[in-house]
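# Reading the structure
So the chains spell out like this:
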Amino acid sequence: MAWLGQTEYFQQPSCFWLKVVLENSTKPLISDWKEPEEPPMQTPGGNPLVLSHTLQELLSKDTVQVELIPEKKGLFLKHVEYEVSSKRFKCSVYRRYNDFVVFHEMLLQKFPYRMVPALPPKRMLGADREFIETRRRALKRFINLVARHPPFSEDVLLKLFLSFSGSDVQNKLRELVQGVGDEFMTCTLATQAKDFLPADIQAQFAASRELIRNIYNSFYKLRDRAERIASRAVDNAADLLIFGKELSALGSDTTPLPSWAALNNSAWGSLKQALKGLSVEFALLADKAVQQGKQEENDVVEKLNLFLDLLQSYKDLCERHEKGVLHKHQRALHKYSMMKRQMMSATVQNKEPESVEQLESRIVEQENAILTMELRNYFSLYCLHQETQLIHIYLPLTSHILGAFVNSQIQGHKEMSKVWNELKPKLGCLFGGSSNASTLPVSS
């Protein structure tokens, strides 16, 4: 993949046209909403390509809760709404799924060279509770990743989405982006991106992409196993509860004893009473197992899903780079080559001056287009380099996930062990007070 080599003949491209566009670009005015007062993101001293954030700094940028609110019935369909609460902006707003969709579209339009996490799919009909809950969790992961992303966190789009309480949030989001241009047009360093890139950017990017692909595959398998473990805890809870209910049913049996068993009437009565009482402990064991399963779902599976969402957004970004600006750049070069050949042919054939001038004008326009693609290509690589760093900043999240998993197992086994130990002495009454009930032979 010779990304940069094909355009090395543009040593000092003129950026006058870009400066004019930047100087004359203005933001749309929104009368009933103010832009955030926070200063723009400051790049670290030295090379602005380098991110100086830590994982803790990213996580502390904001914590956004997304909670489902009771369904509202429309004329034909039920509308699912969410309460979105930002710790940073200290406010709560109501959002529908389509609001998230427009917000996502505007982010991609304004930041095409950044990791914009994907949204969960929309399901029009037959959305059951499980689907709605799965989507709520995915929306929560999406908005938290966006709220903690360095460029996104300081952008007016995020501020509006998390704080604007009007009913037309979708139009307001579109107004913010309309006529402003994407990050390439507004970033003061866009035309200088090449100067900050390492000489071996192609090799670095290829290696990083392969590494992150491998990390994604491993974390995908870890997530699946974590889901199975959490699911087994819930299944175990259901089995323990049924086990206890069956013991209770056996102890509550009112079938009269036959006359030939009258001698054992006292033993059977005591046994039934003891079995009936054991259901309490099994219900408690089931409750502990459910708690452990839910805790692992929230603290382990969800964190794994969060990291997977981030890794997937990096993979999507790489594809956008190759299919977007890089592909357009290569097409522009091919078109330019074709036009140059046409110019040479027209010169040799001594065509009319007007047609030659028109061809020369088209060639100049194409050169400008190539310059644009050249600058965008380098800026795209600049952003990719920073997004790769962001992935590595998030890597220590692995220790958080493992810590949550280990703590859940320790706490869960500890609490269940306590209940089992409290249950064991009660088994003695099942055998007439025998102290060695656990050692009685059950087979010959």
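Residues numbered from 1 in each chain as written. Predicted model: local features only at pLDDT ≥ 70, side-chain atom pairs only at ≥ 80, totals over all residues. Heavy atoms only, no water.

## What to know about helix H3 (residues 97-110)
Filter applied, for reference: Secondary structure is summarised from DSSP: a helix means a run of H or I of at least four residues, a strand means a run of E of at least two, and numbering begins at the N terminus for each. Here a helix's expected span is defined as the number of its residues, less one, multiplied by 1.5 Å. When a residue's accessible area, from a 1.4 Å probe over protein chains only, is under 20% of the maximum for its type it is buried; when over 50% it is exposed; and in between it is partly exposed.
Taking 1.5 Å per residue, 14 residues should reach 20 Å; H3 reaches 20 Å between its end C-alpha atoms and fits that length. Every buried residue of H3 is listed here: Tyr 97, Asp 99, Phe 100, Val 102, Phe 103, His 104, Met 106, Leu 107 and Lys 110.

## So, the packing of aromatic side chains
The line we're drawing: By convention, a stacked pair of Phe, Tyr or Trp rings (six-membered ring in the case of Trp) has centres within 6.5 Å and planes under 30 degrees apart, an edge-to-face pair has planes over 60 apart, and any other such pair is tilted. Sitting over a ring, as applied to charges here, requires NZ of Lys or CZ of Arg to be within 6 Å of the ring centre and within 35 degrees of the ring normal.
Scanning the model with the defined rule gives 14 aromatic pairs in all. Among the aromatic residues, those joined into a cluster by ring pairs are Tyr 82, Phe 100, Phe 103, Phe 142 and Phe 161. The positively charged end of Arg 95 is found above the aromatic ring belonging to Phe 161, 5.2 Å away from the centroid. The lysine or arginine in question, Arg 223, covers the ring of Tyr 220, its NZ or CZ lying 4.8 Å from the ring centre.

## What to know about the nonpolar core
Filter applied, for reference: In this text, buried Ala, Val, Leu, Ile, Met, Phe, Trp, Tyr and Cys residues form a nonpolar core when linked through side-chain atoms within 4.5 Å. The contact criterion used throughout is that any non-hydrogen atoms of two residues lie within 4.5 Å.
Among the nonpolar cores identified, the biggest contains 46 residues, and Phe 307, Phe 379, Tyr 382 and Tyr 394 are the most heavily contacted of them. Elements that contribute at least two residues to this core include exactly helix H2 (55-59), helix H8 (183-186), helix H10 (201-251), helix H11 (265-323), helix H13 (353-394) and helix H14 (397-423). Setting aside residues no more than four positions away along its own chain, Phe 379 makes contact with Tyr 113, Glu 183, Phe 184, Cys 187, Ala 190 and Ala 193. Counting residues in each nonpolar core, the second largest holds 35 residues, with Ala 147, Val 156, Leu 160 and Phe 161 among its members.

## Quick notes on the packing of H3 against helix H6 (residues 156-163)
Each pair of packed helices can be described by the angle between their axes along with the distance between the axes. Rules: Under this scheme, a helix contributes an axis fitted over its contacting stretch, all axes are lines through C-alpha atoms, and angles between N-to-C directions fall in the 0 to 180 degree range. Working definition: roughly parallel below 35 degrees, roughly antiparallel above 145 degrees, roughly perpendicular at 65 to 115 degrees, and oblique for all remaining angles. Charged means Asp, Glu, Lys or Arg here, nonpolar means Ala, Val, Leu, Ile, Met, Phe, Trp, Tyr, Cys or Pro, and polar covers whatever is left, Gly included.
Here H3 crosses H6 at 170 degrees, and the two axes come no closer than 11 Å. With respect to each other, H3 and H6 are oriented roughly antiparallel. Packed against H3, whose contacting residues are Asp 99, Phe 100, Phe 103, Met 106, Leu 107 and Lys 110, the element H6 presents Val 156, Leu 157, Leu 158 and Phe 161 at the interface. The residue inventory of the contact of H3 with H6, partitioned by class, reads eight nonpolar, no polar and two charged.

## Some details on the pattern of salt bridges
Put simply, the rule is: A side-chain nitrogen of Lys or Arg and a carboxyl oxygen of Asp or Glu constitute a salt bridge if their distance falls within 4 Å.
With the rule as written, the count across this model stands at 15 salt bridges. Glu 183 is the salt-bridge partner of Arg 114, the closest N and O atoms lying 3.0 Å from each other. Here Arg 114, found in the loop between H3 and helix H4 (129-147), pairs with Glu 183, found in helix H8; they are 69 residues apart in sequence, far enough to count as distant. By relative accessible area, which is 3% here, Arg 114 ends up buried. Where Arg 223 meets Asp 224, a salt bridge forms, and the shortest distance between an N and an O atom there is 3.1 Å. Take Arg 223: its relative accessible area is 12%, and that puts it in the buried class.

## Thoughts on the environment of Glu 297
Inspection of the secondary structure assignment puts Glu 297 in helix H11. Relative accessible area serves as the criterion here: at 24%, Glu 297 is assigned to the partly exposed category. Among residues more than four places away in sequence, those in contact with Glu 297 are Arg 137, Ala 230 and Glu 302.

## Concerning the confidence of the model for the protein
Should pLDDT be low for a region, the predicted coordinates there are not to be read in detail. Going by this rule: Every residue gets a pLDDT, meaning the predictor's confidence in that residue, from 0 to 100.
Summarising the model, the protein shows a mean pLDDT of 80, and 71% of its residues fall at 70 or more. Confidence over residues 1-32 falls short of pLDDT 50; this stretch has 58 contacts with residues more than four positions distant or in other chains.

## A few points about the side chain of Arg 148
Spelled out, the test is: Two N or O atoms count as a polar contact when they lie within 3.5 Å, although within protein this holds only if one can serve as hydrogen donor and the other as acceptor, and sequence-adjacent residues are included solely when both atoms are side-chain atoms.
Relative to the helices and strands, Arg 148 resides in the loop between H4 and helix H5 (150-153). Polar contacts involving the side chain of Arg 148 include one to the main-chain carbonyl oxygen of Asp 62, which spans 2.9 Å. Each residue touching Arg 148, except ones within four places of it in the same chain, is listed here: Leu 58, Leu 59, Lys 61, Asp 62, Thr 63 and Tyr 394.

## Remarks on the state of the cysteines
Test applied: The term disulfide is used for any two cysteine sulfur atoms that are within 2.5 Å.
Enumeration over the complete set of coordinates arrives at zero disulfides. Not engaged in a disulfide, the cysteine Cys 187 finds its nearest cysteine sulfur in Cys 383; these two sulfurs lie 7.2 Å apart.

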